[in-house]
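# Descriptive analysis of the structure
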Amino acid sequence: MKSLQARLGRIPPLWWQVGLLALAVLLPLPMSDYYRSVLWRTALYAILGLSLNIIVGYAGLFQLGHAAFYALGAYTSALLNLYLDVPLILTWPASVLVAAFFGYLISRPIIHLRGDYLCVVTIAFGEVVRLALVNNIFGITGGANGLSGIDRPVLFGLVLRTPLQHYYLVLFFLVLTLFAVRRLENSRLGRAWVCIREDETAAEAMGIDTVRAKLLAFVVGSAWAGLAGALYVARVPVVSPDLARFIESVVMFCIVVLGGTGSIPGVFVGTLGMVTLPELLRFLQTWRDAWMGVAMVVMMIARPEGLWPSRRVRMEIRGEEEEEAGFPTGVEEDPPDPSSDNSGEPDFSGEVYQLYDEETYLITLLEEGPRGLPSEGDPSGKDAV
Amino acid sequence: MALLELRDLTKQFGGLTAVDHVTFDVHEGEILGLIGPNGAGKTTIFNLITGIYAPTEGEIFFDGKRIAHPPLGARKFITPVWWVQWLPVRSVREQWDQLRTLRPHEITEMGIARTFQTIRLFKNMTVLENVMAGVHHRTRAGLWGAIFRPPFQRREEAFIVSEAERWIRFMGLEAYRDELAKNLPYGHQRRLEIARALAANPRLLILDEPAAGLNEAETLELMDVIRQIRNSGITVLLIEHDMKVVMGICERIVVLDYGKKIAEGTPEEVQRNPRVIQAYLGEEEV
Ligand SMILES: Nc1ncnc2c1ncn2[C@@H]1O[C@H](COP(=O)(O)OP(=O)(O)OP(=O)(O)O)[C@@H](O)[C@H]1O
Ligand SMILES: [Mg+2]
């Protein structure tokens, strides 16, 4: 895999970008409708994976309720179309906004929670959304059966019906997403996210508003999942609470983790592994899920950084090992080897206290909340203003 | 008026009083040393200044503005009315700002940058990227800027890079520009942390044991750099155990022991002070 990565790295970027795009456009042409649907699903989940990657991969927030935002987007689109007769494409911005709004609403009070707590809250939120939909909230969501009879989208007078058309629609948004995500990665905001993932205290001390940056990641990721939901409705004019099932969130999470957290190619690898392959192996039925489980476990042991990791994450996980594998250091004049530089190792005994500081700062963040008001035994930190 | 004023600053961790009614000033343009035996509460004071902890008692003023005060009790009545911060009434917002404690990034924005006792670099980022993080709060581009890259964003990116490179050169790290922070030798990591803090354009730079772990030559270079920083108009507050450094570059020294200030004055005065001598000797006896 590494040599493949290295070899691919040598081809000028424009070439393989154009090549991949051409492949994506031409691939479905000789296929049957079934395979075109599989491609559509793949592209849709790639969008979902990329959106979740902003939250999990860049900002390092554990979000295990992503499907809730996907469902919110889908229901927004469906409801606006069914009750207000809004043409489907005009509902898409609304889907994005609604998902963003809920993303803000749920992440604002919990954003400073530590990974595991955050994870629990997002799972709970996913379930709340699903149960609200099942229980026919406001009497408009159609309960467990969901909603049907949604219009087909009309683009420039053309009614999108066939799997091929829908594939191209989703592909268009996928390319858009890729474009945006790559630019985000390499920007002031993207760097701030990496800083936060690396060392939140230091990031905050350098003047990065960590709460704001993390919120932004959460909201943007959620909003984009909302769009994916709307695109789903465009192709499948039936929505049901199943969209918000926990397993959907897990699949999305695995897409990000399997391919390599924080890595864009990794999301595609993950989508192929978590969505496309199981779809193609449908005939294996019950064995499929068992194999997925086994594969995940094996992978986490053998290759915890994912199949196609971003360079940085690989280093975070593998640490020193990778240096031996020879990353070009880029410095010619032979700096003293840091690992053998033990002579300069400090042996101040105050280190113990400092470590203590670092530990407690996390707790400070957790308990006192972003404004640093101390909590009086309230771990939720919801009154951290 | 002093640049930084600590007034009766106290911090308790449970039953332990780490900082005990400490009062001192840092004047504009000076190098002030903060010394004391291990566990005296020096780092805690830094964490109070930079907003990582809120004081139990006392206040800190920076450039006349209050940057830290105890959140005591405030929380109970403040919490239900957090929304007032969004009221379009200026006086209400000012009141609100008085009540709440500032977060570390806000204090950095006001002009205080720091380094850490145990180096806290962004290890898997390059030297350049590390220093660029310091410029973060001086620039504005957000989500839209990142995606659409309007001219202002491109100018800003260029500014970030040039500013970062300036401080990399200042700290003599240009050979390592694209090296990962964690691959730097220890001494250079210390320098990189200072470069990163300087990139935040501080008026007050606070250094927590910058010479810890440095060899003789590196320490001398560091002293030189700190003087240069001060000469460029930045006030420096530093913690240091290496007496050669402290006595060599500090104009004034504050001595802490068990959280209390036991002496303050020029290096000569402090060196002669019997309480200081006793604090340091006492430590050795243990
Ligand atoms: N977060 C914390 N929670 C509880 N106790 C703490 C915390 N941080 C520091 N302390 C305690 O406060 C006292 C002062 O610690 P501090 O780190 O400020 O000392 P210091 O003067 O920086 O010492 P050194 O020279 O060893 O770095 C110590 O007794 C330490 O154990
Ligand atoms: Mg200390």
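Residues numbered from 1 in each chain as written. Chains lettered and ligands numbered in written order. Predicted model: local features only at pLDDT ≥ 70, side-chain atom pairs only at ≥ 80, totals over all residues. Heavy atoms only, no water.

## Structural notes on the overall build of chain B
- Within chain B, the secondary structure is distributed over 12 helices and 10 strands.
- If you line up chain B on its principal axes, its C-alpha atoms span 65 × 55 × 35 Å.
- Sequence separation of at least 24 residues holds for 66% of the intrachain contacts in chain B that already meet a minimum separation of 6.
- Carbon and sulfur atoms make up 54% of the accessible area of chain B, which totals about 11600 Å².
- Side chains of chain B carry 35 positive and 38 negative charges; the gap between the two charge centres is 7 Å. (Helix = DSSP H or I, 4+ residues; strand = E, 2+ residues; numbered from the N terminus. Contact = heavy atoms within 4.5 Å. Areas by Shrake-Rupley, 256 points an atom, 1.4 Å probe, with all protein chains shown as cover. Lys, Arg positive; Asp, Glu negative; His and termini not counted. Charge placed at Lys NZ, Arg CZ, Asp CG, Glu CD.)

## A look at the environment of Arg203 of chain B
Residue and element names in this part refer to chain B.
- The residue Arg203 is located in the loop between helix 8 (186–199) and strand 7 (204–208) in this model.
- Taking the C-alpha atoms as reference points, Arg203 and Thr108, 95 residues apart in sequence, are found 9.7 Å from one another.
- Excluding its chain neighbours within four sequence positions, the residues that come into contact with Arg203 are Leu3, Glu28, Phe62, Asp63, Gly111, Ile234 and Thr235.
- Side-chain polar atoms of Arg203 contact the side chain of Glu28, separated by 3.3 Å.
- Side-chain polar atoms of Arg203 contact the side chain of Asp63, separated by 2.7 Å. (Polar contact = N/O pair within 3.5 Å; in protein donor to acceptor, adjacent residues only side chain to side chain.)

## With respect to the sheet that holds strand 3 (residues 31–35) of chain B
All names here are of chain B.
- One open sheet accounts for 6 strands, arranged 6-7-8-3-9-10; its pairing is mixed. A strand with exactly one partner marks an edge of an open sheet, and here the two such strands are strand 6 (112–114) and strand 10 (260–265). Sheet twist, expressed as the average angle between the axes of neighbouring strands with direction ignored, equals 20 degrees.
- Summarising the sheet, strand 6 and strand 7 pair through 3 bridges and their orientation is parallel. Residue pairing for strand 7: Ile112 is matched across the bridge by Leu204.
- With respect to the sheet, helix 1 (residues 42–49) is in contact with strand 3, strand 6, strand 7, strand 8 (235–239) and strand 9 (252–257), its orientation differing from that of strand 8 by roughly 140 degrees. (Pairing = 2+ DSSP bridges. Axes fitted to C-alpha atoms, helices over the stretch in contact; angles between N-to-C directions.)

## As for the nonpolar core
- The biggest cluster of nonpolar side chains holds 187 residues, and the ones touching the most others in it are Leu4, Ile49 and Leu237 of chain B.
- Each of two domains, domain 1 (2–111 + 204–285) and domain 2 (121–201) of chain B, supplies a minimum of three residues to this core. (Core = buried A, V, L, I, M, F, W, Y, C linked by side-chain atoms within 4.5 Å. Buried < 20%, exposed > 50% of the residue type's maximum accessible area, 1.4 Å probe, protein only. Domains from an automatic or database assignment.)

## Overview of the coordination of the magnesium ion (ligand 2)
All names here are of chain B.
- Protein-derived coordination of the magnesium ion (ligand 2) comes from Thr43 (OG1) and Gln117 (OE1), at a distance range of 1.8 to 2.1 Å. Within this pair, whereas Thr43 is found in helix 1, its partner Gln117 is found in the loop between strand 6 and helix 5 (127–135), the two being separated by 74 residues in sequence. For the pair Thr43 and Gln117, one class covers both residues: buried. (Donors = N, O, S within 2.8 Å, 3.2 Å for Na, K, Ca; no water.)

## Looking at the domain arrangement of chain B
Residues and elements named next belong to chain B.
- The domain boundaries assigned to chain B delineate domain 1 (2–111 + 204–285) and domain 2 (121–201).
- Computed from C-alpha atoms alone, the centre-to-centre distance between domain 1 and domain 2 is 26 Å.
- Listed by partner, the interface residues are 17 residues for domain 1 and 11 residues for domain 2.
- Considering only the surface of domain 1 that becomes buried against domain 2, Glu109, Leu205 and Val225 emerge as the three largest contributors, covering 28% of it. (Buried area = accessible area lost by both parts, 1.4 Å probe.)

## Focus on a nonpolar patch on the surface
All names here are of chain A.
- A contiguous nonpolar surface patch, about 1100 Å² in accessible area, is contributed by Tyr34, Tyr35, Leu277, Leu280, Leu281, Phe283, Leu284, Trp287, Trp291, Val294 and Val298.
- Contributing elements (two or more residues each) for the nonpolar patch: helix 3 (33–58), helix 12 (264–280) and helix 13 (286–302).
- Here the nonpolar patch gets 4 residues from one element, more than from any other, and that element is helix 13.
- Judged by relative accessible area, which is 56%, Trp291 ranks as exposed. (Patch = residues over 30% accessible without salt bridge, like charges linked within 9 Å, V, L, I, M, F, W, Y side chains within 5 Å. Salt bridge = Lys/Arg side-chain N within 4 Å of Asp/Glu carboxyl O.)

## A look at the pattern of salt bridges
Residues and elements named next belong to chain B.
- Applying the stated rule across the entire model yields 28 salt bridges over all chains.
- Arg203 is the salt-bridge partner of Asp63, the closest N and O atoms lying 2.7 Å from each other. Placement of Asp63 in the loop between strand 4 (57–62) and strand 5 (65–68) and of Arg203 in the loop between helix 8 and strand 7 is noted, with a sequence separation of 140 residues between them.
- The class of Asp63 is partly exposed, set by a relative accessible area of 27%.
- Overall, Arg203 belongs to the partly exposed group, its relative accessible area being 28%.
- Sharing partners across several salt bridges, the network here consists of Glu30, Arg252, Lys261 and Glu264.

## Regarding helix 11 (residues 246–259) of chain A
Residue and element names in this part refer to chain A.
- Between its first and last C-alpha, helix 11 extends 20 Å over 14 residues, near the 20 Å set by a 1.5 Å rise per residue.
- The element helix 11 is largely enclosed, with a buried count of 11 among its 14 residues.
- Along helix 11, the residues that are buried comprise Glu248, Ser249, Val251, Met252, Phe253, Cys254, Ile255, Val256, Val257, Leu258 and Gly259.
- One or two steps after helix 11, the chain reaches Gly260, where phi turns positive at roughly 130 degrees. (Expected span 1.5 Å × (residues − 1).)

## Here's the deal with the sheet that holds strand 5 of chain B
All names here are of chain B.
- Read across the sheet, 4 strands follow the order 2-1-4-5 without closing on themselves; strand pairing throughout is antiparallel. Each having just a single partner strand, strand 2 (16–26) and strand 5 make up the two edges of the open sheet. In this sheet, neighbouring strand axes are inclined to one another by 30 degrees on average, regardless of whether the strands run parallel or antiparallel.

## Observations concerning unusual backbone geometry
Residues and elements named next belong to chain B.
- The backbone phi angle of His21 is positive, close to 45 degrees, even though this residue is not glycine.
- Its place among the elements puts His21 in strand 2.
- Relative accessible area serves as the criterion here: at 40%, His21 is assigned to the partly exposed category.
- The phi torsion at Asp63 lies on the positive side, around 55 degrees, for a residue other than glycine.

## Details of the pairing of strand 8 of chain B
All names here are of chain B.
- Across the 5 residues that make up strand 8, a large majority, 5, are buried.
- Of the two faces of strand 8, the one holding Thr235, Leu237 and Ile239 and the one holding Val236 and Leu238 are both buried throughout.
- Bridge count between strand 3 and strand 8: 4 bridges; the pairing is parallel. Counted as the bridge partner of Gly33 is Leu238 from strand 8.
- Judged from the 5 bridges that link them, strand 7 and strand 8 form a sheet pairing that is parallel. Of the residues in strand 8, the one forming a bridge with Leu204 is Thr235.
- Each parallel crossover has a hand, and the one from strand 7 via helix 9 (residues 216–231) to strand 8 is right-handed. (Right-handed = clockwise from strand over helix to strand, strands pointing away.)

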